[in-house]
Amino acid sequence: MQMVKYLRLMFCVGVLALPFVCTAAEGIQVVANASVQVKELPVASLRAIFSMRVRNWPNGDPVRVFVLPDRHDLHTSFSKKILRIYPYVLRDTWDRMVFTGTGQAPIEVANADELMQLVAETPGAIGYVNKEIPSNETIRILQIR
């Protein structure tokens, strides 16, 4: 009987928390260095960039991908909600590319502030943040379709 009450309680907590989990992904923005000519990307292209399969922008400039650590909540939300891929699948893809010598992993940074700073300073850079920021002379917000 206690187990049934516990399960009901956990179900209710999960249902009540669902709107907060769903709205967290809506606040995620994909940001790029202002040198990037692209203004919008389809999800498939974004997934290819963050999977390190696309190495150059359409104009030929190299793509520099910045990510947060695998266990970071923002990285998990970005992977699942925006890219629609589990973080461990991304990690497996990166590790396989590094191990076989066919590619390299993205540059991992400690926090979102460092990610923003590096994207702003690095030509061709792309990353993600969970706060509303306006485009400026160093950062471009990419629309995802």
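Residues numbered from 1 in each chain as written. Predicted model: local features only at pLDDT ≥ 70, side-chain atom pairs only at ≥ 80, totals over all residues. Heavy atoms only, no water.

Q: Can you break down the overall build of the protein residue by residue, with the values?
A: A tally of regular secondary structure across the protein gives five helices and six strands. Overall, the protein shows an N-to-C arrangement of helices and strands of α-β-β-α-β-α-α-β-α-β-β. Relative to its 145 residues, the protein shows a buried fraction of 37%. If you take every contact in the protein between residues at least 6 apart in sequence, the share linking residues at least 24 apart comes to 69%. Total accessible area computed for the protein in this model is approximately 8,900 Å², and 58% of it derives from carbon and sulfur atoms. (Helix = DSSP H or I, 4+ residues; strand = E, 2+ residues; numbered from the N terminus. Buried < 20%, exposed > 50% of the residue type's maximum accessible area, 1.4 Å probe, protein only. Contact = heavy atoms within 4.5 Å. Areas by Shrake-Rupley, 256 points an atom, 1.4 Å probe, with all protein chains shown as cover.)

Q: So what about the confidence of the model for the protein? Which residues, and what values?
A: Regions with low pLDDT carry predicted coordinates that are not meant to be interpreted in detail. The pLDDT averaged across the protein works out to 85; a share of 81% of its residues lies at or above 70. Confidence, read as mean pLDDT per element, is least for helix α1 (residues 2-26) in the protein (43) and greatest for strand β3 (residues 64-67) (98). For the stretch residues 9-24, pLDDT sits under 50, and the model shows one contact to residues farther than four places along the chain or on other chains. (pLDDT = per-residue confidence, 0-100.)

Q: Explain the environment of Ile-133 residue by residue, including any values.
A: For Ile-133, the position within the fold is in the loop between β5 (125-129) and β6 (139-144). Spatially, the C-alpha atom of Ile-133 lies 9.2 Å from that of Val-31, the residues being 102 residues apart in sequence.

Q: Describe the packing of helix α2 (residues 43-50) against helix α3 (residues 73-83), with residues and values.
A: With their axes 10 Å apart at the nearest point, α2 and α3 run at an angle of 145° to one another. Each of Val-43, Leu-46, Arg-47 and Phe-50 in α2 lies in contact with α3, whose residues at this interface are Phe-78, Ile-82 and Leu-83. When its residues are assigned to classes, the contact of α2 with α3 shows six nonpolar, no polar and one charged. (Axes fitted to C-alpha atoms, helices over the stretch in contact; angles between N-to-C directions. Nonpolar A, V, L, I, M, F, W, Y, C, P; charged D, E, K, R; others polar.)

Q: Tell me about the side chain of Ser-79, and please be specific about residues and values.
A: With respect to the element layout, Ser-79 can be found in helix α3. When sequence neighbours within four positions are dropped, the list of residues in contact with Ser-79 reads Arg-84, Ile-85, Tyr-86, Pro-87 and Leu-90.

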